[in-house]
Amino acid sequence: MTFTYKNTAIHFTSEGKGKAIVLLHGFLENLTMWKATVKELSKKNRVICIDLLGHGQSESLGYIHTMEEQAKMVIVILKHLRLRKYVIVGHSMGGYIALEVAKLVPPSIKGLCLMNSTALADTKEKQLNRERGIVAVKQNHKTFIRVAIPMLFSEKNREIYTSEIKNITNEALKMSPQGIIAALEGMKIRKNNSNIYQTATFPIQMIIGKQDPALEYQSLINQTKNTRVQIIEFPDGHMSYIENQEELIKTLLKFSKLCF
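Residues numbered from 1 in each chain as written. Predicted model: local features only at pLDDT ≥ 70, side-chain atom pairs only at ≥ 80, totals over all residues. Heavy atoms only, no water.

Moving on to the overall build of the protein chain. Along the backbone of the protein chain there are 11 helices and 8 strands. Its C-alpha radius of gyration of 17 Å places the protein chain within 12% of the 18 Å reference for a compact globule of 260 residues. With the C-alpha coordinates aligned to their principal axes, the bounding extent of the protein chain is approximately 45 × 40 × 35 Å. Residues classed as buried in the protein chain amount to 57% of the 260 residues present. Put simply, 76% of the contacts in the protein chain that link residues at least 6 apart link residues at least 24 apart. (Helix = DSSP H or I, 4+ residues; strand = E, 2+ residues; numbered from the N terminus. Rg over C-alpha atoms; globule rule 2.2 N^0.38 Å. Buried < 20%, exposed > 50% of the residue type's maximum accessible area, 1.4 Å probe, protein only. Contact = heavy atoms within 4.5 Å.)

Turning our eyes to something else, we now look at the packing of aromatic side chains. Enumeration according to the criterion identifies 2 aromatic pairs in this entry. A cation over a ring is seen here: R190 above Y96, with NZ or CZ 3.7 Å from the ring centre. (Phe/Tyr/Trp six-rings, centres within 6.5 Å; stacked < 30°, edge-to-face > 60°. Lys NZ or Arg CZ within 6 Å of the ring centre and 35° of its normal.)

In this structure the tally under the stated criterion is 11 salt bridges. Here E40 makes a salt bridge to K43, at a shortest N to O gap of 3.1 Å. Of the charged contacts, one joins K191 and E68 as a salt bridge, the two residues approaching to 2.4 Å between their closest N and O atoms. In this pair, K191 sits in the loop between α7 (177-188) and α8 (196-199) while E68 sits in helix α2 (residues 67-80), placing the two residues 123 residues apart along the sequence. Linked through salt bridges whose partners overlap, the residues forming this network are D122, R130 and R190. (Salt bridge = Lys/Arg side-chain N within 4 Å of Asp/Glu carboxyl O.)

If you check helix α4 (residues 124-148), its first and last C-alpha atoms are just 20 Å apart, much less than what 25 residues at 1.5 Å a residue would give, namely 36 Å. Those residues of α4 lying buried are R130, G133, I134, V137, H141, F144 and I145. (Expected span 1.5 Å × (residues − 1).)

Grouped together as the largest cluster of nonpolar side chains are 89 residues, with contacts concentrated most on V101 and L112. Those residues in contact with L112 that sit more than four places away from it in its chain are I88, A98, L99, A102, I196, F202, P203, I204, Q205 and F255. (Core = buried A, V, L, I, M, F, W, Y, C linked by side-chain atoms within 4.5 Å.)

Here we come to helix α3 (residues 93-104). In this model, α3 (12 residues) spans 17 Å end to end at C-alpha, consistent with the 16 Å of a helix rising 1.5 Å per residue. In terms of residue burial, α3 counts as a mostly covered element, since 10 of its 12 residues are buried. Residues M93, G94, G95, Y96, I97, A98, L99, E100, V101 and A102 constitute the buried set of α3.

Turning our attention to the pairing of strand β3 (residues 19-24). Along β3, 5 of the 6 residues are buried, which leaves the element largely enclosed by surrounding structure. Relative to strand β4 (residues 45-50), β3 runs parallel, the two sharing 6 bridges. Bridged to L23 within β4 is C49. For the crossover that starts at β3, traverses helix α1 (residues 35-41) and ends in the parallel β4, the hand is right-handed. (Pairing = 2+ DSSP bridges. Right-handed = clockwise from strand over helix to strand, strands pointing away.)

Okay, structure coming up:
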């Protein structure tokens, strides 16, 4: 299905019936990443997946896709679907956007799951890496994609999941350089939203890959100290939906039941 947001075509899917679960993909991904997850979750729930701005079949909106703008787009689509309450799950960049959704419409949130994601803003070092990434995309976005995606898996899994890496890469290669750069610019300037851990009235879960190359393990643990955030640890990398697929689906099913 397609919805027009600010003269920009946004692609989304809605499967199943019941309580609503919203799934937001990460950087260089699209809603197809959720295929196995949707198959299980939609048996007893309504599952909505959205191609974020500049990703998948959704168009770009400008030079910078801020996390706030992405969240506003998500909220407009969910209102269009007449959804008043939902659990929201975000993978990586999708987690940053899910946090913004939760800030904008807290009464709608039944639960928030940050999957291989963080509530913290980029460090200076990470911002520099984003800027280097933008330069690399301008030089050759296809090379940037081919280098970036395997590095999201734990080291041993880069050989185990070669076909999955190829599939993700092929999907990402359909993206325009503009869409990639707009996301990098948006992530680079996002805010620290860790205060939500203290103020939220809904359950929050954080799914951590112990060998996640993209996120520092201790930082994830530290930001949730003295909060009610539930920590779930998997042994592998950033791509839990592939590296720990069965455990992830069980975890999300359990969390959604808890929230509703």
